[in-house]
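# Commentary on secondary and tertiary structure
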Amino acid sequence: MRRLRMLFVVAVALFPATSSAKSIHTAECEAVCANPDPSVDQNLSPDPRSFATIANGYTSYWQECHAETDEVQKPKTCRDWCASRERGKTILETSGLIGSFLDADTYNNLWRAWGALERPPDFDQHIVERYGLQPAPFPNPYPLPGEDPATGNGGSGQLPMGLIQTRNASGQYDGGIGFTCLLCHAGRIGDATPERPDLGSRMGIGNTAFDIDVFSYDLGKAGGVPIPLPYPHNQGRGTINAVSDFEFLMAVRDFDTLDSTPFVKAFPAHASPGDQDPPAWHNTGSRPRVYMDGGVSADNTRALMQFLTASITTSTCTDANAENVPGCGAWIKQQERDFEDIRTFIESIEPPAFPRSSDPASPQYVDDAEAARGEQLFHCKNLFGPDLSADAASCAQETPEQKASGALFGNGSCSSCHGVYGPTYAGRLPDPRMVGVAGRIVPRDFVRTDPGRVDALARELRWGWGTLWFAYADNSASNPSDEALNDYVTEDTNGLLYTRAQGRCGWVGVYEQSLGQFIGYAAPALHGLWSTAPYLHNGSVPTVYHVLRYGERPTFWRRPLNTPGTPPDRGFDVSLTAYDFAKVGWTFDCLLADGTPADTCLPQLGTVAAATGPAVPGSEVWLANQSPRPLTQADIELRKIYDTTAYGRSNEGHWWTSRDTLSESEVEDLLAYLKTL
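Residues numbered from 1 in each chain as written. Predicted model: local features only at pLDDT ≥ 70, side-chain atom pairs only at ≥ 80, totals over all residues. Heavy atoms only, no water.

### So, the overall build of the protein
Counting its regular elements, the protein contains 20 helices and 16 strands. Taking all 677 residues of the protein together, 57% fall into the buried category. Residue pairs in contact within the protein that sit at least 24 positions apart in sequence constitute 71% of those at least 6 positions apart. Looking at the protein as shown, the accessible area adds up to about 27800 Å², and 56% of this sits on carbon and sulfur atoms. (Helix = DSSP H or I, 4+ residues; strand = E, 2+ residues; numbered from the N terminus. Buried < 20%, exposed > 50% of the residue type's maximum accessible area, 1.4 Å probe, protein only. Contact = heavy atoms within 4.5 Å. Areas by Shrake-Rupley, 256 points an atom, 1.4 Å probe, with all protein chains shown as cover.)

### Considering the sheet that holds strand β4 (residues 163–167)
In space, the three strands of this open sheet follow the order β1-β5-β4, with antiparallel pairing throughout. Of all the strands in the sheet, the pair left with one neighbour each is β1 (100–103) and β4. Strand-to-strand twist across the sheet, computed as the mean angle between neighbouring axes with direction ignored, equals 50 degrees. (Pairing = 2+ DSSP bridges. Axes fitted to C-alpha atoms, helices over the stretch in contact; angles between N-to-C directions.)

### Section: the packing of aromatic side chains
What characterises a pair of aromatic rings is the spacing of the ring centres plus the angle enclosed by the ring planes. Scanning the entire structure with this criterion turns up 21 aromatic pairs. Look at F101 and F179: their rings are 5.1 Å apart centre to centre, the planes differ by 15 degrees, and that puts the pair in the stacked class. A residue pair is termed long-range when its members are at least 10 positions apart, and F101 in strand β1 and F179 in strand β5 (residues 173–179) qualify at 78 residues. Among the residues examined, F101 registers a relative accessible area of 30% and is labelled partly exposed. Note on F179: relative accessible area 11%, which makes it buried. Ring geometry for Y291 against W507: centres 5.8 Å apart, planes inclined by 15 degrees, an arrangement best described as stacked. Highlighted residues: Y291 in the loop between β8 (289–290) and β9 (296–297) and W507 in the loop between α17 (480–485) and β11 (520–522), separated in sequence by 216 residues. Overall, the relative accessible area of 25% leaves Y291 in the partly exposed class. Residue placement shows R289 over the ring face of Y61; its charged tip is 4.4 Å from the ring centre. (Phe/Tyr/Trp six-rings, centres within 6.5 Å; stacked < 30°, edge-to-face > 60°. Lys NZ or Arg CZ within 6 Å of the ring centre and 35° of its normal.)

### Details of the environment of R373
With respect to the secondary-structure elements, R373 resides in helix α11 (residues 368–380). According to the relative accessible area criterion, R373 is partly exposed, its value standing at 42%. Spatially, the C-alpha atom of R373 lies 7.9 Å from that of Y673, the residues being 300 residues apart in sequence.

### Let's talk about α11
In a regular helix each residue adds 1.5 Å, so 13 residues correspond to 18 Å; α11 covers 18 Å between its end C-alpha atoms and thus fits that length. Those residues of α11 that sit buried are A371, G374, L377, F378, H379 and C380. The inward-facing, buried residues of α11 contact α13 (414–418) and α20 (664–674). Regarding α11, its N-cap is D367, as a side-chain oxygen of that residue lies 2.9 Å from the backbone nitrogen of A369 further along. (Expected span 1.5 Å × (residues − 1). Polar contact = N/O pair within 3.5 Å; in protein donor to acceptor, adjacent residues only side chain to side chain.)

### Observations regarding the packing of α11 against α20
For the pair α11 and α20, interaxial distance at closest approach is 7 Å and the crossing angle is 95 degrees. Relative to α20, the element α11 lies roughly perpendicular. On the side of α11, the interface is formed by E370, A371, R373, G374, E375, L377, F378 and H379, while α20 contributes E666, E668, D669, L670, A672, Y673 and L674. Taken together, the residues of the contact of α11 with α20 sort by class into seven nonpolar, two polar and six charged. (Parallel < 35°, antiparallel > 145°, perpendicular 65-115°, else oblique. Nonpolar A, V, L, I, M, F, W, Y, C, P; charged D, E, K, R; others polar.)

### Here we look at the side chain of E340
Relative to the helices and strands, E340 resides in helix α10 (residues 336–348). Taking relative accessible area as the criterion, E340 reaches 3% and is therefore assigned buried. Here the side chain of E340 touches T301 through a polar contact of 3.1 Å, side chain to side chain.

### Concerning the pattern of salt bridges
Inspection of every chain in the model, using the stated rule, returns 35 salt bridges. Here the salt bridges do not stand alone but share partners, grouping D47, R49, E64, K74, D299, E340, R343 and E347 into one network. (Salt bridge = Lys/Arg side-chain N within 4 Å of Asp/Glu carboxyl O.)

### Regarding the nonpolar core
Counting 73 residues, the largest nonpolar core has Y107, L110, L163, W465 and F470 as the members making the most contacts within it. Once you skip the residues sitting within four places of it in the chain, F470 turns out to touch F246, M250, L258, N300, R302, A303, M305, Q306, T309 and W465. Grouped together as the second largest cluster of nonpolar side chains are 46 residues, L199, L383, A578 and W656 included. (Core = buried A, V, L, I, M, F, W, Y, C linked by side-chain atoms within 4.5 Å.)

### Here we look at the state of the cysteines
Enumeration according to the criterion identifies four disulfides in this entry. In this model C181 remains outside any disulfide bridge; the closest cysteine sulfur is found in C184, 9.1 Å from its own. Using a relative accessible area of 15% as the deciding quantity, one classes C181 as buried. Among the cysteines around C417, which has no disulfide bond, C414 carries the closest sulfur, lying 8.7 Å off. (Disulfide = S-S within 2.5 Å.)

### As for the sheet that holds strand β12 (residues 556–558)
Spatially, the three strands line up as an open sheet ordered β15-β12-β16, and their pairing is antiparallel. Looking along the sheet, the strands with just one partner apiece sit at the ends: β15 (589–590) and β16 (642–643). When β12 meets β16, the two strands line up antiparallel, connected through two bridges. Across the sheet, the residue bridging to F556 is D643, located in β16.

### Notes on unusual backbone geometry
Omega for the bond connecting A533 with P534 falls within 30 degrees of zero, at 0 degrees, which places this linkage in the cis form. Residue placement: P534 occurs in the loop between β11 and α18 (544–548). Positive phi, close to 70 degrees, is recorded for H25, a residue that is not glycine. Inspection of the secondary structure puts H25 in the loop between α1 (2–14) and α2 (26–34). The phi torsion at Y291 lies on the positive side, around 80 degrees, for a residue other than glycine.

### Quick notes on helix α5 (residues 123–131)
In terms of burial, α5 is largely enclosed, as seven of its nine residues are buried. Looking only at α5, the buried set comprises F123, H126, I127, V128, E129, R130 and Y131. Turning to α5, the residues buried within the fold contact α4 (104–108), β2 (141–142), β6 (186–189), α7 (212–221) and α19 (633–638).

### Details of the confidence of the model for the protein
Averaged over every residue, the pLDDT of the protein is 84; the share at 70 or more is 86%. This stretch, residues 1–21, has a pLDDT under 50; its non-local contacts, to residues over four places away or in other chains, come to 22 contacts. Overall, residues 604–624 carries pLDDT values under 50, and its contacts beyond four positions in sequence, including any with other chains, amount to 51 contacts. (pLDDT = per-residue confidence, 0-100.)

### Quick notes on the side chain of R649
When you line up the elements, R649 lands in the loop between β16 and α20. At 2.8 Å, the side chain of R649 and the side chain of D275 are in polar contact. Setting aside chain neighbours within four positions, we find R649 in contact with Q235, G236, T239, D275, D450, N538, S540, I641, Y642, D643 and T644.

### Here we look at the environment of D80
Position of D80 relative to the elements: it lies in helix α3 (residues 78–94). Taking the relative accessible area as the measure of exposure, D80 reaches 41% and is therefore partly exposed. Separated by 39 residues in the primary sequence, D80 and D41 have C-alpha atoms spaced 9.1 Å apart.

Here is the structure:
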């Protein structure tokens, strides 16, 4: 084992980190885990994200959430890591996580909500088209009408990713159907082939085709119970209002025991966060903090478990068996070990490589000379400096002049926010192992993207979240009445009658007063950028080209629909024929708000005001932020149009990339380089 460790050290010294090392610990551990000799092992190297500290100038900084006193610990050796990764993958593919929300009979009756006269033979394809759920690349059975799941190995139907059949205490399929986090965090791009098994349906790219509101309402019409919420699940296909989901669920749970409670409470009134684009899991291992605002340290496994609060139970959860009852707070906390494995798997996911062609006449061809120039522009060109046309050469080291040039971070280049990806420029990092790590939160008033998401998370809410079990806090009271009342403590009343302590891994901007100015949006890592369209935190921009061309973004647009699709349902076309390889993103049609075809995607018939005003309590407060429910087929079709004038869906922001700062040839070079990440 000592010899293996020495070889690894030498290999790292000879071959420094490059942009191809995209996931945590994969490169160092694959050879170890493939070796059948169990005595061959090695300790994991330091996590490169741990070097992203406030002292090093990172506003998206790392916090160590795991303490040696905790029962559940991170893997420490390669073999532990590989075993954890495999367990996490298995859990996501086979476990219902939060129990069943409907039975197979209700699922099989969804066709009644479609206006059909009988269950169509292509029922499973209807599910994919109508709701935007993606086919599972692994066995995911459910029983067809008349089938017994217990005797038929689960049934002969195939559920999409995000839905899963539950099992009873004996491990047999029981005909219940539950939800998993793959509803939003497993998508599809292109088709898997023997040459490209990384395409098609896969975990790790967000599902930007799912319409959860349509699915919820159809369940009600099919005989199930739609989830009654005082806000929309989402306003359109491909996005989701996940922040409101968690806040609503915690309003009916005790903040410390996590048990359901009749004492309904809420964080202080605030605006709706609006819709969000499901982020790419394959970049999680390159981010010191997670969520759109970089709110929580990526080392916080418990933050991933908020999803479990959606589980329900009729149990009082007061007996010794509560740890085994789905929906009880003790049961939620008991899942921490499983989620440690899920987190390991998520951070190991590699993005799909750009489907590059060697034929110069192909739209998938990447010109190496253009990509090389793009790499230099990405790491060097100061987009905020006094001379925007200056030569970007010789910028491997940041100069005093660049520091004083007025740039937001670093030398004012793309890499200043999104991270360094080439070893040539690793010298500007605190540690060269940080190549590929993105650690900047861009202030709200500077980035100017739609403010709904960050404005909703007021300081009061961030403070309150930091006192929950999810933030590694324990504010449990000694008796039930105190336990109920101490949930109502605010930052201003803390310490008067009850005290709520902050956990060691709360929300950014709570502990460090000086970081208040950095409440904003976290610049994502860009590994596999080509596969994560549309762009910005709310999915309002269809291509990377339009991210780099601020003034040319479409106002009303729609991705291509499957042709012919499954009538009357036509979902988004996720094949590569609908992909724009030149502009890097989905092709789209220009429309008016009512779906009428338009000659231009820019505003016409007068000025269309984008919804960019501050999201303060008022006309768009949490309970008042509503959108039309998808009651008819016409409603469903309108939800496929991205309306950037709607609340929370503005395509503003990232304003420094425009024709004033980047020439057309520079944009082409940057796009060529970004395809290689």
